Amino acid sequence: MRLSLGFSPCPNDCFMFDAIVHKRIDLEGLEFVERLADVEALNTAAFAGEVDVTKLSYHAYAYCAGNYVLLDAGSALGRNCGPLLISKRAVSQKEVAAGTLRIAIPGRYTTANVLLGLAFPAATNKTAIVFSAIESALLNDEYDAGLIIHENRFTYEAKGLKKIIDLGEFWESETGAPIPLGGIVINRALPEEVKHTVNRVLRRSVEYACANRAASLPYVRAHAQEMSEEVMYKHIDLYVNEYSVDLGADGRRAVELLFAKAAATGIIPSATSRLFL
């Protein structure tokens, strides 16, 4: 069976999916057609049902859980890896809470935006732009603050930008749970056997990547633009961990907590479908 597979060009996704793309593992008869895109573009594609298997933000999953179900393998959860709210000038959390700041976010349906909404409900003056453009936009005084994700957490300080709050620390202090950032979902309409096969193949791909770290380097580097190898591996080590191999009970609880808290405050609709495979 041939399946479309959506994921981002970020180092952690390329690292995890390299073994599938380059057929380094047993694919159990499946064929995958890769579709690389920014996370918010992946979210939008999932809303339209355009991809069979795809990475998306957990925030976005709330809006398409009727058509997709979450796999146990491939997720990005963790600790000390959350989105950061940053600025060019010194900005206090009190200023953010007042709701007057212009904030650049990496997408309306990103999990980062959910965490921002939970921490600062009044901060609604938000504009979605591509995550990689946020630092430059702040340096050009286009926004008062910016919500950064991915590798930008390793680069903002060198550009003279300042941290206002680590929203991952906020989440962890509120819940004690790891931060659910992104997951891998599969179309519910596919046969159950196919769903479980994809989950096994994806887990095998993650395990292969972790056991053979150098194998994926050319593929990761090809999509990492001007990122240094040090930053690439910092990114991978931050977002690829035991939850990427298998969500487990702690990972599932974290996802359920995010959905419950966000639904209780009206940020997302309440879940009506079974979330997990």
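Since the structure is predicted, the reported quantities are computational estimates derived from the model, not experimental observations. (Residues numbered from 1 in each chain as written. Predicted model: local features only at pLDDT ≥ 70, side-chain atom pairs only at ≥ 80, totals over all residues. Heavy atoms only, no water.)

## Some thoughts on the packing of helix α5 (residues 111-119) against helix α7 (residues 167-175)
Running from amino to carboxyl end, α5 crosses α7 at an angle of 65°, the nearest separation of the two axes being 10 Å. In the crossing of α5 with α7, the sense of the turn from one axis to the other is left-handed. Of α7, the residues touching α5 (which contributes A112, L115, L116, L118 and A119) are L167, F170 and W171. Within the contact of α5 with α7, the residues separate by chemical class into eight nonpolar, no polar and no charged. (Axes fitted to C-alpha atoms, helices over the stretch in contact; angles between N-to-C directions. Helix = DSSP H or I, 4+ residues; strand = E, 2+ residues; numbered from the N terminus. Left-handed = near helix turned anticlockwise from the far one by under 90°. Contact = heavy atoms within 4.5 Å. Nonpolar A, V, L, I, M, F, W, Y, C, P; charged D, E, K, R; others polar.)

## Overview of empty space enclosed by the protein
Inspection of every chain in the model, using the stated rule, returns one cavity of 30 Å³ or more. The space that makes up the largest cavity amounts to roughly 230 Å³. Lining the largest cavity are 19 residues; nearest its centre among them are V39, I149, H150, L181 and G182. Counting only elements with at least two residues in the lining of the largest cavity, the list comes to α1 (11-21), β3 (53-57), α5 and β11 (179-187). No other element matches the three residues that β3 contributes to the lining of the largest cavity. Split by residue class, the lining of the largest cavity holds nine nonpolar, eight polar and two charged. (1 Å grid on protein atoms, 1.4 Å probe; cavity = no way out; pocket = protein on both sides within 12 Å on 5 of 7 lines; lining within 4 Å. Points joined across faces, edges and corners; volume = space filled by probe spheres on them.)

## Details of the packing of aromatic side chains
Following the criterion strictly, the structure yields five aromatic pairs and no others. Between Y63 and Y109, the aromatic rings sit 5.1 Å apart at their centres with planes inclined by 75°, giving edge-to-face as the arrangement. In this pair, Y63 sits in the loop between α3 (58-61) and β4 (68-70) while Y109 sits in the loop between β7 (103-105) and α5, placing the two residues 46 residues apart along the sequence. Accessibility expressed as a relative area gives 17% for Y109, which makes it buried. Aromatic rings pair up to connect F47, Y63 and Y109 into one cluster. (Phe/Tyr/Trp six-rings, centres within 6.5 Å; stacked < 30°, edge-to-face > 60°. Buried < 20%, exposed > 50% of the residue type's maximum accessible area, 1.4 Å probe, protein only.)

## What about the state of the cysteines?
One pass over the structure, following the stated rule, counts zero disulfides. Counting only cysteine sulfurs, C14 is the nearest neighbor of C210, a cysteine outside any disulfide, at a range of 15 Å. (Disulfide = S-S within 2.5 Å.)

## Describing the pattern of salt bridges
Evaluation of the coordinates by the stated rule reveals 19 salt bridges. In this structure, R35 engages E50 in a salt bridge whose closest nitrogen and oxygen atoms are separated by 2.8 Å. In this pair, R35 sits in strand β2 (residues 31-36) while E50 sits in the loop between α2 (39-47) and β3, placing the two residues 15 residues apart along the sequence. A residue is classified by how much of its surface remains accessible, and E50, at 44% relative accessible area, is partly exposed. Ionic pairing is found between E135 and K159, a salt bridge with its closest N-O pair at 2.5 Å. One end of the pair, E135, is in helix α6 (residues 134-139); the other, K159, is in the loop between β9 (145-148) and β10 (162-166), with 24 residues separating them in the sequence. (Salt bridge = Lys/Arg side-chain N within 4 Å of Asp/Glu carboxyl O.)

## Some words on the layout of surface pockets
When its volume is computed, the largest pocket comes out at roughly 410 Å³. Together, 23 residues line the largest pocket, and F131, S132, E151, Q225 and M227 are the ones closest to its centre. Put simply, the second largest pocket is a space of about 220 Å³. Of the residues contributing to the lining of the second largest pocket, the split by class is six nonpolar, six polar and two charged.

## So, the environment of A60
When you line up the elements, A60 lands in helix α3. Residue A60 is classed as buried on the basis of its relative accessible area, which comes to 0%. Separated by 57 residues in the primary sequence, A60 and L3 place their C-alpha atoms 21 Å from one another. Contacts of A60, omitting those with residues within four sequence positions, involve N43, F47 and Y109.

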